[in-house]
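# Analysis of the macromolecular model
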Amino acid sequence: AQSVTQLDSQVPVFEEAPVELRCNYSSSVSVYLFWYVQYPNQGLQLLLKYLSGSTLVKGINGFEAEFNKSQTSFHLRKPSVHISDTAEYFCAVSDVWGAQKLVFGQGTRLTINP
Amino acid sequence: KAGVTQTPRYLIKTRGQQVTLSCSPISGHRSVSWYQQTPGQGLQFLFEYFSETQRNKGNFPGRFSGRQFSNSRSEMNVSTLELGDSALYLCASSRDVDQPQHFGDGTRLSIL
């Protein structure tokens, strides 16, 4: 079984500042890793995914994440945030055999202050 | 290209009733998964259907069931509703294994 821990429930940052949202996972098998964003009253939108290959993954809206197998982490970063990035961010994991069964972290609420 | 469509968007029911939620996947997607989102438990996997067969199942009671039709559309049914079933129910579709899931905007179910 897999589990995901998002280390911060809330992250406030100023506009144009950099941000890092932390995610650690636990699994006894190989995994796929994902970051999703949820805006109010909407579903989840895929930001980026790690399936295999390069450990640095680039996604939409200027976000990127780095897969670190030794530290079982998949932290999400953006060098300069915008007001429109205010949302809830979810890290998720699935094993490579049951890739449609996502296990999510509890989410990190990112608040951008002007 | 149309996204994942869930109907209805909002639903109010009373305890003991049953409810059916509908999900139309993205065209060409054969896998449909369902998730429950609550403030206390977060996002939890309910089940996944592929080519009309349940392929994965989460840890929910038997009151929660689903099915998938030949056109890949899926329905989820909850019987004997309880107050704790109040949640946002999200549907996601994908082409197949190792393909990322695309989510709909969800159905918000409120139990009175």
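Note: the structure precedes this text.
Here's what I pulled together on the structure shown here. Bear in mind that the values here come from a model prediction, so they are computed numbers and not experimental data. (Residues numbered from 1 in each chain as written. Chains lettered and ligands numbered in written order. Predicted model: local features only at pLDDT ≥ 70, side-chain atom pairs only at ≥ 80, totals over all residues. Heavy atoms only, no water.)

### What about the interface of chain B and chain A?
With 26 residues of chain B in contact, the opposing surface of chain A contributes 21 residues. Carbon and sulfur atoms supply 54% of the area buried between chain B and chain A, which totals about 1,700 Å² over both sides. At the surface where chain B touches chain A, the tally comes to zero salt bridges. Inspection of the chain B/chain A interface yields nine residue pairs in polar contact (both at pLDDT 80 or more). (Contact = heavy atoms within 4.5 Å. Buried area = accessible area lost by both parts, 1.4 Å probe. Salt bridge = Lys/Arg side-chain N within 4 Å of Asp/Glu carboxyl O. Polar contact = N/O pair within 3.5 Å; in protein donor to acceptor, adjacent residues only side chain to side chain.)

### Digging into the sheet that holds strand S8 (residues 74–78) of chain B
All names here are of chain B. With respect to topology, four strands assemble into an open sheet ordered S1-S3-S8-S7, the strand pairing being antiparallel. Each edge of the open sheet is held by one strand with a lone partner, namely strand S1 (5–7) and strand S7 (64–68). Strand-to-strand, the axes of this sheet are offset by a mean angle of 20°, without reference to chain direction. Examined bridge by bridge, S1 and strand S3 (residues 19–24) share three bridges and lie antiparallel to one another. Counted as the bridge partner of Thr-5 is Ser-24 from S3. (Pairing = 2+ DSSP bridges. Helix = DSSP H or I, 4+ residues; strand = E, 2+ residues; numbered from the N terminus. Axes fitted to C-alpha atoms, helices over the stretch in contact; angles between N-to-C directions.)

### Some details on the environment of Gln-6 of chain B
Residues and elements named next belong to chain B. Residue placement: Gln-6 occurs in strand S1. A residue is classified by how much of its surface remains accessible, and Gln-6, at 6% relative accessible area, is buried. Considering only alpha carbons, one finds Gln-6 and Ala-87, 81 residues apart in sequence, at a separation of 14 Å. The contact partners of Gln-6, leaving out residues within four places of it in the chain, are Ser-22, Trp-34, Tyr-89, Leu-90, Cys-91, Gly-104, Asp-105, Gly-106 and Thr-107. Reaching out from Gln-6, the side chain makes a polar contact with the backbone nitrogen of Cys-91 at a distance of 2.9 Å. A polar contact of 3.0 Å, which involves the side chain of Gln-6, links it to the backbone nitrogen of Gly-106. (Buried < 20%, exposed > 50% of the residue type's maximum accessible area, 1.4 Å probe, protein only.)

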